[in-house]
Amino acid sequence: MKPPHAANDNLIDRTREVWKPRLGHNLSREDARQIAENVTGFFAILGEWSRAEIPVPANDTTEPSTSDADEMRDES
């Protein structure tokens, strides 16, 4: 089994390989780490937005949040 840092080192090395031709110059390990972190963050945000857009089914049996319960009482 590889040490945990080996996966991180592989990610940084791969990031440098992928981005070097696109940028036209060598990247430092810190540059590659920042790129990988930014790309990961970008896709995390897209995932959050995607989950936020999923409609709640009409037959949802979960309990309403306290704000939903308050709104239901106010409508009566």
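Note that the coordinates shown come from a computational prediction; the quantities given were computed from them, not determined experimentally.

Focus: the overall build of the chain
Then comes step 1: Looking only at helices and strands, one finds three helices and zero strands in the chain.
Then comes step 2: Within the chain, the proportion of its 76 residues that are buried is 12%.
Then comes step 3: Approximately 6,700 Å² of the chain is accessible, and the part contributed by carbon and sulfur atoms is 56%.

Some thoughts on the packing of aromatic side chains
Then comes step 1: One pass over the structure, following the stated rule, counts one aromatic pair.
Then comes step 2: Measuring from ring centre to ring centre gives 5.2 Å for F42 and F43, while their planes differ by 80 degrees; the resulting arrangement is edge-to-face.
Then comes step 3: Residue F43 is classed as exposed on the basis of its relative accessible area of 52%.

Some words on the confidence of the model for the chain
Then comes step 1: Confidence in the prediction for the chain averages 82 pLDDT; 74% of positions are at 70 or higher.
Then comes step 2: Taking the mean pLDDT of every element in the chain, the minimum, 55, falls on helix α3 (residues 66-75) and the maximum, 94, on helix α2 (residues 29-52).

Comments concerning the pattern of salt bridges
It is possible for side chains bearing opposite charge to pair when their charged atoms get close.
Then comes step 1: Counting across every chain of the model gives five salt bridges.
Then comes step 2: Notably, a salt bridge pairs E17 with R14, separated by 3.2 Å at the nearest N-O pair. One end of the pair is E17 and the other is R14, both in helix α1 (residues 4-23) and three residues apart, which spans about a single turn.
Then comes step 3: One salt-bridge network, in which partners are shared between bridges, spans D9, D13 and R29.

About the cut-offs
Residues numbered from 1 in each chain as written. Predicted model: local features only at pLDDT ≥ 70, side-chain atom pairs only at ≥ 80, totals over all residues. Heavy atoms only, no water. Helix = DSSP H or I, 4+ residues; strand = E, 2+ residues; numbered from the N terminus. Buried < 20%, exposed > 50% of the residue type's maximum accessible area, 1.4 Å probe, protein only. Areas by Shrake-Rupley, 256 points an atom, 1.4 Å probe, with all protein chains shown as cover. Phe/Tyr/Trp six-rings, centres within 6.5 Å; stacked < 30°, edge-to-face > 60°. pLDDT = per-residue confidence, 0-100. Salt bridge = Lys/Arg side-chain N within 4 Å of Asp/Glu carboxyl O.

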